[in-house]
Amino acid sequence: MKLRRPAWSGGTVLARAVSSIGQVRWPGIAYVALLASSIGVFLAGAHVAATALIDTQRSRQLGELTETALRRSEVAIDYGIAALDELIQRGPMSCDSVSLQAVRLHVYQRGTVKDIRSVSRDGSVLCSAYSETLEFDRGWVHRNDMLPAADEAVRLFRVDQFFGVALGVLKDVDASRALVAILGINAYLYDIMPAELRDHAEVVLDLRNDQTVAQYHSPAQAGSLQKAIVFAKDSDRYPLRTLIRVESEAFRQWHQEPYIPIMGLALVLGVAFGLLLASAATRPQSPIAELDRALAAQEFRPYLQPVFNMHTGAIVGCEVLARWVRNDGTILPPSRFIPLAESSGRIVPMTWQIVSAALGELQPLLKQDKNFKVAVNIVPHHLTIPGFVDRLREVVAKVKVAPRQVIVELTEREELEDLTKVVTVIGSLRNFGFKVAIDDVGTGHNGLSHIQQLGANIIKIDKFFVDSIGRDPTGVAIIEMLVRLARELKMNVLAEGIETDEQISALLACDVEEGQGYFVSPPVPIAEFFGLLERHRAALASATSGWRAVPARVA
Ligand code: C2E
Ligand code: CA
Ligand code: CA
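Residues numbered from 1 in each chain as written. Chains lettered and ligands numbered in written order. Predicted model: local features only at pLDDT ≥ 70, side-chain atom pairs only at ≥ 80, totals over all residues. Heavy atoms only, no water.

### Some details on unusual backbone geometry
1) Next: Although it is not a glycine, Lys 400 adopts a positive phi angle of roughly 55 degrees.
2) Next: With respect to the element layout, Lys 400 can be found in the loop between helix H12 (388-398) and strand E15 (406-411).
3) Next: Residue classification places Lys 400 among the exposed positions, given a relative accessible area of 67%. (Helix = DSSP H or I, 4+ residues; strand = E, 2+ residues; numbered from the N terminus. Buried < 20%, exposed > 50% of the residue type's maximum accessible area, 1.4 Å probe, protein only.)

Okay, structure coming up:
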């Protein structure tokens, strides 16, 4: 007889179990934390990078402006020297009025040149194109105090005037005489600075002896600069340097424009990277890793379904049925994890976890009612692992429960690999006082002959046959046959999946003595089971028209 019940074992069920376990996700908090830290890291990095980049840009730009100021000053001096060269080429400059008139024309044509003077070897003035300008001078340096340029025939010096300063450019004419051009360079430094900095900066042209010869700062800029940052550039050709001084606060505020876009970009990248990272990190773990995690977190919990006496309705025992109670509160039935637990070997630690918990929590009840029996489901493979019986004895002894109150349910759904070994273990279990039930009889791969060989105490008639009551006479015939066989082998019979009064009548007629099913109760958590026992007992005691009217009140 090989009737097959619609079992959940098989490829598709396994796949479903895998995918359902795979849906387990980390709590959203881990996701949010990863996203937030990614954004934080990107923003912090971008802030450092943007600040450094903007700083480099500002410094480079001000360096270039310093260079521009220097080039302009050099060009002004080049013009002055060119004017002197032209005069020198015309022949020796004399101090008579006609010659000076020609020189004045020269000066007039050149904006930067304010005056041209003829000087002696030591630098003292012989005559001037505009002799009146001599009165503006506050002092006049000796040749030795003039600073030589790269071209040794050229010397630069400061001309102190009552209304400011000017730059003197001397060019030797011969061994005894030289010409000097008086240059006003301030205008060349005008408008160099960008508008945003103009009121907080100054541009200065210094001789190499630190004497300032030209300077520009905005009229709005009152007093000296506060905490200035200085950029300087020396000339290769003339003993000159330009300096740009900018107030550090104004410098910091300048060119901030790229900051916001850079930070915006960093935010976008941070979010994108964070999403990738968070989804990678919180990607569901492999189903087996998820089983291991749940094992470590003791998420596999025993639920109990009462076993009742068919004649009296009294609850005489229970079956332990596993549930995966996940930390998010969802509860998965065995079909969603037992197949994977079996194929991955996790069924062994899982079984011990469930059995220990159930026996531990039922201990007071088992002690109080010595006839109460608890049935646990053990897969054949687990049963045949060396040391199984000893371990079970240990677990049972630890919670001080008598072995005769423990029923080992062995499913014969899968083909038994090593029948001899199973028979030996069943014999050993019975020797130690345990009871053994054959689960799902008639629905698996093994023939009825096994029942005789296995030497168990109890036959559990599957729900498949109970369901057929009232629909298919063959089902009832098989139940009758199984009961007869059990009687011959001195075994007890239990029918599973009893839901209706009609089924109970039929099963009683078949002489089935114990039952299990929603008719009394579905599997419930242990705490609820104790309450159920109480209520059921009370209901039975007060029942007047037979126990079968009771469960409706209990449910
Ligand atoms: P099973 O050992 O044949 O357990 C009986 C199953 O029938 C249980 O399903 C139970 O909830 C269900 N059932 C009982 N009465 C009724 C009823 O009146 N109507 C209906 N519709 N169903 C009823 P569950 O708990 O989903 O367990 C399914 C199977 O998972 C079990 O079949 C058993 O083979 C396996 N299983 C459960 N817990 C464990 C365990 O701890 N270890 C092992 N190895 N297998 C387990
Ligand atoms: Ca079972
Ligand atoms: Ca069963």
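### Side note on the state of the cysteines
1) Next: For the structure on display, the rule yields one disulfide.
2) Next: Two residues, Cys 95 and Cys 127, share a disulfide whose sulfurs are 2.0 Å apart. The sign of the S-S torsion, about -75 degrees, decides the handedness of the disulfide formed by Cys 95 and Cys 127: left-handed. Highlighted residues: Cys 95 in the loop between helix H2 (28-89) and helix H3 (97-109) and Cys 127 in strand E2 (residues 125-128), separated in sequence by 32 residues.
3) Next: Relative accessible area serves as the criterion here: at 37%, Cys 95 is assigned to the partly exposed category. (Disulfide = S-S within 2.5 Å.)

### Topic: the coordination of the calcium ion (ligand 2)
1) Next: Coordination of the calcium ion (ligand 2) by the protein is provided by Glu 319 (OE), Asn 377 (OD1), Glu 409 (OE) and Asp 439 (OD), with metal-donor distances spanning 2.1 to 2.3 Å.
2) Next: For the calcium ion (ligand 2), all donor residues lie on one chain, and their spacing in sequence is E-x57-N-x31-E-x29-D.
3) Next: The exposure class assigned to Asn 377 is partly exposed, which follows from its relative accessible area of 30%. (Donors = N, O, S within 2.8 Å, 3.2 Å for Na, K, Ca; no water.)

### Focus: a nonpolar patch on the surface
1) Next: A contiguous nonpolar surface patch, about 390 Å² in accessible area, is contributed by Phe 136, Phe 162 and Phe 163.
2) Next: Judged by its relative accessible area of 75%, Phe 163 is exposed. (Patch = residues over 30% accessible without salt bridge, like charges linked within 9 Å, V, L, I, M, F, W, Y side chains within 5 Å. Areas by Shrake-Rupley, 256 points an atom, 1.4 Å probe, with all protein chains shown as cover. Salt bridge = Lys/Arg side-chain N within 4 Å of Asp/Glu carboxyl O.)

### Comments concerning the domain arrangement of the protein
1) Next: Partitioning the protein into domains gives domain 1 (30-185 + 251-278), domain 2 (188-250) and domain 3 (287-543).
2) Next: Relative to domain 2, the C-alpha centre of domain 1 lies at a distance of 8 Å.
3) Next: With 34 residues of domain 1 at the interface, the matching set in domain 2 holds 37 residues.
4) Next: Carbon and sulfur atoms make up 65% of the area that domain 1 and domain 2 hide from each other, which totals about 3100 Å². (Domains from an automatic or database assignment. Contact = heavy atoms within 4.5 Å. Buried area = accessible area lost by both parts, 1.4 Å probe.)

### Looking at empty space enclosed by the protein
1) Next: Within this structure, the stated rule accounts for one cavity of 30 Å³ or more.
2) Next: Considered as a void within the structure, the largest cavity measures approximately 40 Å³ in volume.
3) Next: For the lining of the largest cavity, the secondary structure elements donating two or more residues are H2 and strand E6 (177-183).
4) Next: Take the lining of the largest cavity: its biggest share by element is three residues, from E6.
5) Next: Classifying every residue of the lining of the largest cavity by side-chain character gives seven nonpolar, two polar and one charged. (1 Å grid on protein atoms, 1.4 Å probe; cavity = no way out; pocket = protein on both sides within 12 Å on 5 of 7 lines; lining within 4 Å. Points joined across faces, edges and corners; volume = space filled by probe spheres on them. Nonpolar A, V, L, I, M, F, W, Y, C, P; charged D, E, K, R; others polar.)

### Quick word on helix H13 (residues 419-431)
1) Next: Along its 13 residues, H13 runs 18 Å from first to last C-alpha, staying within 8% of the 18 Å computed at 1.5 Å per residue.
2) Next: Those residues of H13 that are buried are in contact with helix H11 (380-383), H12, E15, strand E16 (435-441) and helix H14 (449-454).
3) Next: After H13 finishes, the residue Gly 433 shows a positive phi value of roughly 100 degrees. (Expected span 1.5 Å × (residues − 1).)

### Some points on the site of ligand 1
1) Next: Neighbouring residues of ligand 1: 24 residues in total, closest Gln 305, Ala 322, Arg 323, Glu 499 and Tyr 518.
2) Next: Here an oxygen atom of ligand 1 and a side-chain polar atom of Asn 377 are 3.2 Å apart.
3) Next: Asp 439 places a polar side-chain atom, nitrogen or oxygen, 3.0 Å from an oxygen atom of ligand 1.
4) Next: Protein contact buries 86% of the 780 Å² of open area that ligand 1 shows by itself.
5) Next: The set of elements that each furnish at least two residues to the shell around ligand 1 consists of strand E12 (315-325), helix H10 (347-368) and E16.
6) Next: Element by element, the count of residues in the shell around ligand 1 is highest for E12, at four residues.
7) Next: For the shell around ligand 1, a count of residues per class yields 11 nonpolar, four polar and nine charged. (Near = heavy atom within 4 Å. Polar contact = N/O pair within 3.5 Å; in protein donor to acceptor, adjacent residues only side chain to side chain.)

### Here we look at the pattern of salt bridges
1) Next: Scanning the model with the defined rule gives 30 salt bridges in all.
2) Next: Salt-bridge contacts for Lys 171 lead to Asp 85; the nearest nitrogen and oxygen are separated by 3.0 Å. In this pair, Lys 171 is assigned in strand E5 (residues 164-172) and Asp 85 in helix H2, connecting sequence segments 86 residues apart.
3) Next: Given a relative accessible area of 13%, Lys 171 falls into the buried group.

### Observations concerning the coordination of the calcium ion (ligand 3)
Put simply, the ideal angle at a metal is 109.5 degrees for four donors in tetrahedral geometry and 90 or 180 degrees for six donors in octahedral geometry.
1) Next: Those protein atoms acting as donors to the calcium ion (ligand 3) are Asp 439 (OD), Asp 440 (OD), Glu 496 (OE) and Glu 496 (OE), and they sit at 2.0 to 2.8 Å.
2) Next: All donors of the calcium ion (ligand 3) come from a single chain, and their spacing in sequence reads D-D-x55-E.
3) Next: Metal-to-metal, the separation of the calcium ion (ligand 3) and the calcium ion (ligand 2) is 4.1 Å; Asp 439 coordinates the two. The same class applies to Asp 439 and to Asp 440, which are both buried.

### Details of the nonpolar core
1) Next: Leu 383, Leu 429 and Phe 529 are the most contacted members of the largest nonpolar core, which totals 83 residues.
2) Next: The leading source of residues in this core is H10, at 11 residues.
3) Next: Sequence-distant contacts of Leu 429, defined by excluding residues within four places in its chain, comprise Leu 383, Phe 388, Val 389, Leu 392, Val 408, Phe 434 and Val 436.
4) Next: Among the nonpolar cores identified, the runner-up in size contains 45 residues, and Ile 77, Met 93, Val 107 and Ala 181 belong to it. (Core = buried A, V, L, I, M, F, W, Y, C linked by side-chain atoms within 4.5 Å.)

### Some remarks on the confidence of the model for the protein
1) Next: Of the residues in the protein, 93% reach a pLDDT of 70 or more, and the chain-wide mean stands at 89.
2) Next: Segment residues 1-25 is flagged for pLDDT under 50; beyond a separation of four residues in sequence, or across chains, it makes 57 contacts in the model. (pLDDT = per-residue confidence, 0-100.)

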